[in-house]
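# Observations on the model geometry
The lines below spell out each chain.
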Amino acid sequence: MKRLKKLTLIFAISIFFTSCTLPGIGGNTKTNVVVATGSNTERQILGEIVKQMIEHHTDLDVSLITNLSSSVLNHIAMLKGDVNVVGAMYTGTALSGELGMKPIRDPKKAQEVVMKEYYKRWNRFWYPSFGFDNTYAFMVTKKFAEENNLKKVSDLEKIKDKVSVGVDTAWIKREGDGYKAFQETYGYGFKNIYPMDIGLVYTALASGEMDVVLGYSTDGKISSYDLVILEDDKRLFPPYDASPVASEKIVEKYPEVEIAIMKLVGQISSKTMQELNRQADEDLIEPAKVAENFLKKNNYFEDVKVDKNKLQEYKTFVEGGKNV
């Protein structure tokens with residue numbers, strides 16, 4: 001019943017937005033490439049990376065839409081034809097959001113399902129991951145990890161009644177991968193657990209107010225504060241692998257767009273994304289400049305050759321063929 005209500009809500013939102021104009025959408029997708037991003041730092045950086053890659057490797061005009069604050073809004077903008085490329089979408093978000101499906105714990109399976117469903121439902125190509133996923137992660141300071149020999153989440157059980165744990169307020173009652181699911185999956189709970197704003201958990205950990213916190217795996221503060229992410233060894237959290245998405249129509253019209261995008265596959269690790277986020281959030285460098293510096297450092301991945309046979313295998317797969 002809850003799933004039905006969720007699907008109904010998504011459908012209602014889609015109907016509403018597809019019957020009106022989204023604010024701030026000004027790109028002409030009939031003649032141009034229009035890339036959508038989100039309002040958070042990471043999606044803005046990735047959107048800029050995709051935009052600048054296409055500009056560098058093609059002669060096309062590329063515009064950027066930055067005020068779509070959620071995956072659902074990015075999805076609806078593509079439905080309306082207001083954008084034809086999305087800088088970054090996440091498997092876990094897509095599964096529970098616009099696809100209305102249950103979480104899938106296996107990263108490869110999750111990506112395969114999203115790839116096929118996106119093409120089947122909307123004729124969009126969900127490309128292989130940039131090379132990282134951004135999900136919830138338990139973390140500690142490097143010093144605390146060494147003192148308590150902590151490497152994975154299961155290791156916390158031996159100190160579960162002694163540690164102070166700060167977590168995202170929304171996570172406590174979150175279904176599927178929240179605190180209840182954590183206790184069921186790992187077989188223990190924490191004596192001292194404190195709900196707090198997700199933006200405060202990192203400073204609380206670094207200042208010693210908390211021993212363990214739940215944050216996001218690619219947050220820039222992880223490297224700033226020299227924090228250690230504990231391995232989710234029992235796979236509580238679904239994968240949120242990040243990938244660019246493009247409409248079939250735009251890549252059929254401009255195949256060079258797809259080649260530029262595919263050069264980015266596997267090129268951004270979690271550690272690299274943490275550093276890029278840190279530059280924007282901590283050093284206050286504009287996302288566009290962060291993206292430009294990253295691409296210049298890597299020579300816009302000029303040396304990366306996109307295997308046309310592999311690309312065709314991928315397309316055969318999403319269109320219903322054999323697994324890649």
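See the structure printed just above.
Residues numbered from 1 in each chain as written. Predicted model: local features only at pLDDT ≥ 70, side-chain atom pairs only at ≥ 80, totals over all residues. Heavy atoms only, no water.

Along the protein, the regular secondary structure elements total 15 helices and 10 strands. Here the protein holds 324 residues, and 51% of them are scored as buried. Considering only contacts within the protein whose residues lie at least 6 apart along the sequence, 78% involve residues at least 24 apart. Looking at the protein as shown, the accessible area adds up to about 15400 Å², and 50% of this sits on carbon and sulfur atoms. (Helix = DSSP H or I, 4+ residues; strand = E, 2+ residues; numbered from the N terminus. Buried < 20%, exposed > 50% of the residue type's maximum accessible area, 1.4 Å probe, protein only. Contact = heavy atoms within 4.5 Å. Areas by Shrake-Rupley, 256 points an atom, 1.4 Å probe, with all protein chains shown as cover.)

So, on to the sheet that holds strand S10 (residues 242–247). Taken in spatial order, the five strands make up an open sheet running S2-S1-S3-S10-S4, and their pairing is mixed. Sheet topology places strand S2 (62–65) and strand S4 (124–126) at the edges, where each strand pairs with a single neighbour. If you compare each strand with its neighbour and ignore which way they point, the axes differ by 25° on average. Across four bridges, the pairing between strand S3 (residues 85–90) and S10 is antiparallel. When the bridges of S10 are listed, tyrosine 90 appears paired with alanine 242. (Pairing = 2+ DSSP bridges. Axes fitted to C-alpha atoms, helices over the stretch in contact; angles between N-to-C directions.)

This brings us to the packing of helix H12 (residues 255–262) against helix H15 (residues 308–318). The description of two packed helices rests on the angle between their axes and on the distance between the axes. As a packed pair, H12 and H15 sit with axes 12 Å apart at the nearest point and diverge in direction by 100°. When the axis of H12 is compared with that of H15, the two are roughly perpendicular. Contact with H12, carried on its side by Glu258, Ile259 and Met262, involves Lys308, Leu311 and Lys315 of H15 and no other residues of that element. (Parallel < 35°, antiparallel > 145°, perpendicular 65-115°, else oblique.)

Our next topic: the pairing of strand S5 (residues 136–141). Of all six residues in S5, five are buried; the element is thus mostly enclosed. Bridge count between S5 and strand S8 (residues 212–216): four bridges; the pairing is antiparallel. Considered in S8, the bridge of phenylalanine 138 is made with leucine 214. Of the pairings in the sheet, the one linking S5 to strand S9 (residues 227–229) comprises three bridges and is antiparallel in character. Its bridge partner being in S9, methionine 139 is matched across the sheet by isoleucine 229.

As a packed pair, helix H2 (residues 41–57) and H12 sit with axes 9 Å apart at the nearest point and diverge in direction by 125°. With respect to each other, H2 and H12 are oriented oblique. Both H2 and H12 take part in a crossing whose hand is right-handed. In this structure, H2 contributes Val50, Met53, Ile54 and His57 to the contact, and H12 contributes Val257, Ala260 and Ile261. (Left-handed = near helix turned anticlockwise from the far one by under 90°.)

Using the criterion set out here, one finds 21 aromatic pairs in the structure. Ring plane angle 40° and centroid distance 6.1 Å describe the contact between phenylalanine 125 and tyrosine 127, whose orientation is recorded as tilted. Both residues of the pair, phenylalanine 125 and tyrosine 127, belong to the buried class. With 6.3 Å between their ring centres and 50° between their planes, phenylalanine 138 and phenylalanine 190 make a pair best called tilted. (Phe/Tyr/Trp six-rings, centres within 6.5 Å; stacked < 30°, edge-to-face > 60°.)

From the geometry alone we can't say anything about function, so treat these as descriptive.
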